[in-house]
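Structure at a glance
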Amino acid sequence: MKKLLVVVDYQKDFVDGALGFPDAVSIEEGIAKTVQHYLAAGDEVLFTFDTHGENYLNTREGQALPVPHCLKGSDGWQLYGMVQAQCRETCANHQLHQIKKPTFGMSPADVLQLAEQLGDVHEILVVGVVTNMCVISNAILMQAQWPEAQIYIDASLCRSFDPVLHEKALDVMEGLQMKVIHRGN
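Structural notes, computed from the coordinates.

**A word on the overall build of the protein**
Per the secondary structure count, the protein includes eight helices and six strands. For the protein, the sequential pattern of α-helices and β-strands runs β-α-α-α-β-α-α-β-α-β-α-β-α-β. For a compact globule of 185 residues, the expected C-alpha radius of gyration is about 16 Å, and the protein comes in at 15 Å, within 12% of that figure. A principal-axis box enclosing the C-alpha atoms of the protein has dimensions of 40 × 35 × 30 Å. For the protein, buried positions account for 48% of its 185 residues. Once local pairs closer than 6 in sequence are excluded, the contacts in the protein between residues at least 24 apart make up 77%. Within the protein, one finds 13 positive and 23 negative side-chain charges whose respective centroids are separated by 0 Å.

What follows is the structure in structure tokens.
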């Protein structure tokens, strides 16, 4: 049974940078341990990278959220803390995948390419930030690509700058028949 861990946008700009918020720091150790567990078990790990160019403020997203962040190659674009260290240590590992995405969700072409690389996936665990934006968008894309996979959202390893929207996004994902685990932790 192939398993996939999806770490959504756990990048410096969302933790302690341009759009950072204190609660995002609190999930660092848990995400790092989960990545380590998946790699040790021989399972697949995907890191998504929110990725913008210098023209960000001219994009639809940039006009709605006029805060330059995750500019490709910048310090804020890098993964955060222990997660970045793990990625560096295992970057040559065939179990590790990275997708740069220009907005909340991955592009359909990137999802199809990932599906070609991975084949059939039976279980997907989604963690990261921001729950009500990028986490939910990418969880839905995973469900569309692998409709028979059981998708888990680890609420204890997801965060939003808005706790109310975090909970609402978890409710929506449960309504989409994803299993939200560790809620309230």
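What follows continues from the structure just given.
**Re unusual backbone geometry**
Note the cis peptide between Val-129 and Val-130, where omega equals -10°. Along the chain, Val-130 falls in the loop between strand 4 (123-129) and helix 7 (131-145). The phi dihedral of Asp-9 is positive, around 50°, even though this residue is not glycine. Tracing the backbone through its elements, the reader meets Asp-9 in the loop between strand 1 (3-8) and helix 1 (12-15). Given a relative accessible area of 0%, Asp-9 falls into the buried group. Notably, Cys-70 is not glycine yet its phi reads approximately 50°, a positive angle. One can find Cys-70 in the loop between helix 4 (60-64) and helix 5 (81-89).

**Considering the nonpolar core**
General note: in soluble globular proteins, nonpolar side chains tend to be found buried as a group. Formed by 29 residues in total, the largest nonpolar core has its most connected members in Leu-4, Ile-124, Val-126, Met-142, Trp-146, Ile-153 and Met-173. For this core, the secondary-structure elements that each account for two or more residues are strand 1, helix 6 (108-118), strand 4, helix 7, strand 5 (150-159) and helix 8 (163-175). What Leu-4 contacts, discounting residues up to four positions off in sequence, is Tyr-38, Glu-44, Val-45, Leu-46, Leu-118, Val-121, Glu-123, Ile-124, Leu-125, Met-142 and Trp-146. Ranked by size, the runner-up nonpolar core spans 27 residues in total, among them Phe-47, Leu-79, Val-129 and Leu-157.

Calculation criteria
Residues numbered from 1 in each chain as written. Predicted model: local features only at pLDDT ≥ 70, side-chain atom pairs only at ≥ 80, totals over all residues. Heavy atoms only, no water. Helix = DSSP H or I, 4+ residues; strand = E, 2+ residues; numbered from the N terminus. Rg over C-alpha atoms; globule rule 2.2 N^0.38 Å. Buried < 20%, exposed > 50% of the residue type's maximum accessible area, 1.4 Å probe, protein only. Contact = heavy atoms within 4.5 Å. Lys, Arg positive; Asp, Glu negative; His and termini not counted. Charge placed at Lys NZ, Arg CZ, Asp CG, Glu CD. Core = buried A, V, L, I, M, F, W, Y, C linked by side-chain atoms within 4.5 Å.

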